[in-house]
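What follows is each chain in one-letter form.
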Amino acid sequence: MSDGEEIWADAMLVAALLAVDPLLRGVAVRARPGPVRDRWLEAFRALLPTGVPWRRLPIRIDDDRLLGGLDLAAALGGGRRDMQRGLLAEADGGVVVSAMSERLPVSLAARIGAVLDDGAVAIQREGFAERITTRFRFVALDEGVEEDEQPPVALLERLAFLLDLEPVSVRDAAPISATPSDIAAAQATLDRARPPETRDIEALCAAAQALGVESLRAPWLALRTAQALASLEGRDTIEESDLSMAARLVLSPRATRDLALQPEVANTPDDEVGEQPDEQSANDHDDVEAEVDAPEPSLNDMVLEAARAALPEELKAFWTPTAANASPSFGQAQGAGGAPLASTLRGRRIGSRPGPLRGASSLDVVETLKAAAPWQKVRSRLATRDAVPGLLIRREDFRVRRYQTRSESTVIFVVDASGSSAMNRLAETKGAVELLLAEAYVRRTQVALIAFRGLAPELLLPPTRSLSRARRCLSDLAGGGATPLAGALEAAGALAAAERVKGRTPLLVVLTDGRGNIALDGAAFRTRAQTDALAAAKRIGSARISAALIDTSARPRGDGASLADAMHGLFAALPYVEAGAVLDVTRALRTSAG
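Fair warning: this is a prediction, and the values are worked out from it, not measured in the lab.

(A) Molecular detail of the sheet that holds strand E18 (residues 570-573). One open sheet holds the 6 strands; their spatial order is E15-E14-E13-E16-E17-E18, and the pairing between them is mixed. A single partner strand is all that each edge strand has here, and the edge strands are strand E15 (456-464) and E18. Strand after strand, the sheet turns through a mean of 15° between neighbouring axes, direction not considered. In this structure, strand E17 (residues 546-551) lies alongside E18, joined through 4 bridges in parallel fashion. From the neighbouring strand, Ala548 faces E18, where its bridge partner is Leu570.

(B) Representation of the packing of helix H22 (residues 526-542) against helix H23 (residues 559-566) in the model. Two elements in contact, H22 and H23, have axes separated by 7 Å at closest approach and are oriented at 35°. Each of Gln530, Ala533, Leu534, Ala537, Lys538 and Gly541 in H22 lies in contact with H23, whose residues at this interface are Asp559, Ser562, Leu563 and Ala566. Along the lines of polarity and charge, the residues of the contact of H22 with H23 split into 5 nonpolar, 3 polar and 2 charged.

(C) Spatial organisation of the nonpolar core. In this structure, Val27, Val29, Trp40, Phe44, Val139, Phe161 and Leu251 are the most contacted members of the largest nonpolar core, which totals 55 residues. Ranked by residues supplied to this core, first place goes to helix H1 (residues 3-20) with 10 residues. Listed in part, the 27 residues of the second largest apolar core include Val96, Leu104, Val115 and Ala140.

(D) Structural view of the sheet that holds strand E9 (residues 161-164). Read from one edge to the other, the open sheet built from 5 strands follows the order E2-E5-E8-E1-E9, with strand pairing classed as parallel. In the strand order of this sheet, the two ends are held by strand E2 (54-56) and E9, each with one partner. Each strand axis lies, on average, 20° off the axis of its neighbour in the sheet, ignoring direction. Where strand E5 (residues 95-98) and strand E8 (residues 137-142) come together, 4 bridges link them in parallel fashion. Bridging from a neighbouring strand, Val96 pairs with Phe138 of E8. With respect to the sheet, helix H2 (residues 35-46) is in contact with strand E1 (26-30), E2, E5, E8 and E9, its orientation differing from that of E8 by roughly 175°.

(E) Representation of the environment of Leu163. Within the element layout of this structure, Leu163 appears in strand E9. With 87 residues separating them along the chain, Leu163 and Val250 place their C-alpha atoms 9.7 Å apart. Apart from residues no more than four positions distant in its own chain, Leu163 is found in contact with Ala11, Val14, Val27, Ala28, Val29, Arg30 and Trp40.

(F) Broad picture of the pairing of strand E14 (residues 446-453). Burial of E14 is extensive: 7 of the 8 residues sit out of reach of the surface. Where strand E13 (residues 409-416) lies against E14, 7 bridges are found, and the strand directions are parallel. Among the inter-strand pairings, Thr410 is bridged to a residue of E14, identified as Gln446. In this structure, E14 lies alongside E15, joined through 6 bridges in antiparallel fashion. Bridge pairing links Arg453 to Ala456 in E15. Hairpin connection, E14 to E15: the antiparallel pair is bridged by 2 residues, and Gly454 has positive phi, about 75°.

(G) A look at the pattern of salt bridges. Summed over all chains, the structure comprises 24 salt bridges. When the shortest N-O distance is used, the salt bridge between Glu490 and Arg539 registers 2.2 Å. With Glu490 in helix H21 (residues 485-501) and Arg539 in helix H22, this residue pair connects regions lying 49 residues apart in the sequence. For Glu490, a relative accessible area of 28% corresponds to the partly exposed category. Residue classification places Arg539 among the partly exposed residues on the basis of a relative accessible area of 42%. If you follow the salt bridges from partner to partner, you end up with Arg25, Asp117, Glu157, Arg158 and Arg217 in one network.

(H) Layout of helix H9 (residues 198-211). Along its 14 residues, H9 runs 20 Å from first to last C-alpha, staying within 8% of the 20 Å computed at 1.5 Å per residue. Within the sequence span of H9, burial applies to Asp200, Ala203, Leu204, Ala207, Ala208, Ala210 and Leu211. Taken from the residues just after H9, Gly212 is the one with a positive phi, measuring 80°.

(I) Local environment of the environment of Leu229. Summarising the element assignment, Leu229 is placed in helix H10 (residues 217-232). Owing to a relative accessible area of 8%, Leu229 belongs among the buried residues under this scheme. The residues contacting Leu229, other than those within four sequence positions of it, are Leu13, Leu17, Asp242, Met245 and Ala246.

Thresholds applied
Residues numbered from 1 in each chain as written. Predicted model: local features only at pLDDT ≥ 70, side-chain atom pairs only at ≥ 80, totals over all residues. Heavy atoms only, no water. Pairing = 2+ DSSP bridges. Helix = DSSP H or I, 4+ residues; strand = E, 2+ residues; numbered from the N terminus. Axes fitted to C-alpha atoms, helices over the stretch in contact; angles between N-to-C directions. Contact = heavy atoms within 4.5 Å. Nonpolar A, V, L, I, M, F, W, Y, C, P; charged D, E, K, R; others polar. Core = buried A, V, L, I, M, F, W, Y, C linked by side-chain atoms within 4.5 Å. Buried < 20%, exposed > 50% of the residue type's maximum accessible area, 1.4 Å probe, protein only. Salt bridge = Lys/Arg side-chain N within 4 Å of Asp/Glu carboxyl O. Expected span 1.5 Å × (residues − 1).

Here it is in structure tokens:
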């Protein structure tokens, strides 16, 4: 069986498992639009009963359509405040399909994830306080071009399966063998399945820990998958093969490290650790020793081996965290990180307010009608005979749209690659910057990289969203030479000003020991170099560019603190360049800028 055929077989099994158990919540399918993806969707839909809801999720959808809200037709027709069901409530028992899910706003993914977790839509607004139960499968179609373009982590960790159908050709996409009657029989077995044993839970948790899967939802989803696999076989108990397959399907795609790279724990026999038994005692226990010499593999070992067999090839050599498997700490506040801007024409809707109107384009027609609807009966009785029949709207009913836009941010990393820094902590600095680059990508911000060494700074990476390109530039960064700190700050300030002209919010993150020795004119005078660097930092502060300086020297001497104070920015002395502390400083900078 070719690789494409094996992947397709797993994809068909995933479709059957999702049809059996809605609590598996869904799947992320990485595939471009084409016949392979269409065949998988058709096969999945064919397993569901006729008439099951199948809804397409628009990327731009408001809360009224997604969750539910006031039924405007009932309000205008009879003055009643009835509730209208949203798309997620309409999909109860069915499927919600999201095309281009890699572009889903993080706020929208969070709302969908909350409904998947609770199994219900909670509406508490416009005078309503209602909870509607809904269980649906979510299919996130990932059409990302770049390797790093993936759906939001908040959504991925709630879906049981992550499929990559890119290697599958049309010839590999054979028809599915399962039928709706098979699914119905499996669901009947699932309802009366026995509770899992403790050893089953421990085996999946051990596999998740060994693979570096940090989400606690993953082992739970793997356990539900094992139960569904048993029900497809007509059994009400989970067997070892079910656990192994569940680990392959659920845990392996989320792995962040290869098991082969972990130190093996030797099972040292007791007779090699303690006192050696005498010959007579050994003769008396021949049978016991025979059993020790050929131990049976444990359940944990078998599940781990099955999971390892399904690891991606690149993981077995080197693993770089991506947005799909990164720790949730990378994106605690995902989304565009620029400053919020008030707007009356575009942006994210943040509600409406009473007039006055500033042109017809600012009128929120729906909210105006909602405000006027409950008063129609009263107004119709008070209206004069000469009044024109129809909807009676008064000045106090007018509502004006309120929007909020958030400018896109550009994080400009300024990295000291001079001889003093390279001799001390350039390697650690690279590691910390790589984590910052990953967080910047998750937040969908632009990233730029300026390195300075020798006689002048160098813009290694113009503002971009390509995380892989940023990593390549960072890995190629060599150390050595003088420290043109003043020129680097001048270049960073100029780049920040250019980004601000483009409507973006620049954020400077400078990693250096704060001691320059090359002046702006190229002269190697330390005193003049420090004066020029301080002047450049003051210009950054006068321009009100958000900045943070991280002193990476082993023994900070106050130079970095002076520069940070001149920039009116944040300062942190991190002699060990701990990645977590660097992330904290950057988040604090982003918060102060927003």
